[in-house]
Amino acid sequence: MRLEKCWFCSSTVYPGHGIQFVRNDAKIFRFCRSKCHKNFKMKRNPRKVKWTKAYRRLHGKDMTQDSTFEFERRRNRPERYDRNVTEMTLKAIKKIDKIRVDREVRHHKMRMKGKKAFEQQAAIKELENSIDLVKAPVALQQDSQFTLAKIKVEVSRSQPEGERMEE
């Protein structure tokens, strides 16, 4: 059973699923669903469509360089069946899959590292701007803890009185 990759979105195409398009130069394009096929016919670039794997890799959302991707490559060389080799391969596949998942989790944590502090600063700023929605205006006047420090701004008068516009 051969699992193919969708040409447009890079998802897995299982046997009996999807659409296969053969161009005049005998190049084969496989698509997982009609959505990918239609986007291909509209000549859309997968790197510019946000839901594709190519876009996610290009913009740093998914991992791009990892040694575990070497095992996913397609090989057309037939191998002679050997029970011991098959058993060891299946064990290795499980280990490699676990390593890949751990690395993806680590990659996601690195991407989201600064986001929590940024969201907290945004929440504090929003609270400062709309504190009157949280606390009654009368209570704000009485309690100096909730009043924000007033900022003094110096305004320079650069225009002489003769050049001012009259109202």
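These figures come from a predicted structure and were not determined experimentally.

What counts and how
Residue indices begin from 1 for each chain and proceed along its sequence in written order. Thresholds applied to this predicted model are a pLDDT of at least 70 for local features of residues and 80 or more for the giving and counting of side-chain atom pairs; totals over whole chains, interfaces and linings are not thresholded and use all residues. Excluded from the side-chain calculation are hydrogens and water; included are all heavy atoms of the structure. UniProt positions are given in the numbering used here, feature names are shortened, and annotations may be inferred rather than shown by experiment. The way it works is that DSSP assigns letters per residue, a run of H or I at least four long becomes a helix, a run of E at least two long becomes a strand, and they are numbered from the N terminus. Each residue is placed in one exposure class: buried if its accessible area under a 1.4 Å probe, protein chains only, is under 20% of its type's maximum, exposed if it is over 50%, and partly exposed if it falls in between.

On to the UniProt feature "domain: TRASH" (unreviewed entry) in the protein. As recorded in UniProt, the sites labelled "domain: TRASH" (unreviewed entry) are residues 6-44. End C-alpha to end C-alpha, residues 6-44 measures 15 Å, and it is 21% helix and 26% strand.

Turning our eyes to something else, we now look at unusual backbone geometry. Unusually for a residue other than glycine, Ser 10 sits at a positive phi of about 65°. Note on Ser 10: relative accessible area 27%, which makes it partly exposed. You will see that Ala 26, though not glycine, has its phi angle at about 70°, which is positive. Tracing the sequence through the fold places Ala 26 in the loop between β3 (19-22) and β4 (28-31). Taking the relative accessible area as the measure of exposure, Ala 26 reaches 57% and is therefore exposed.

In this section: the environment of Leu 58. Relative to the assigned elements, Leu 58 resides in helix α2 (residues 53-58). With ten residues separating them along the chain, Leu 58 and Lys 48 place their C-alpha atoms 9.3 Å apart.

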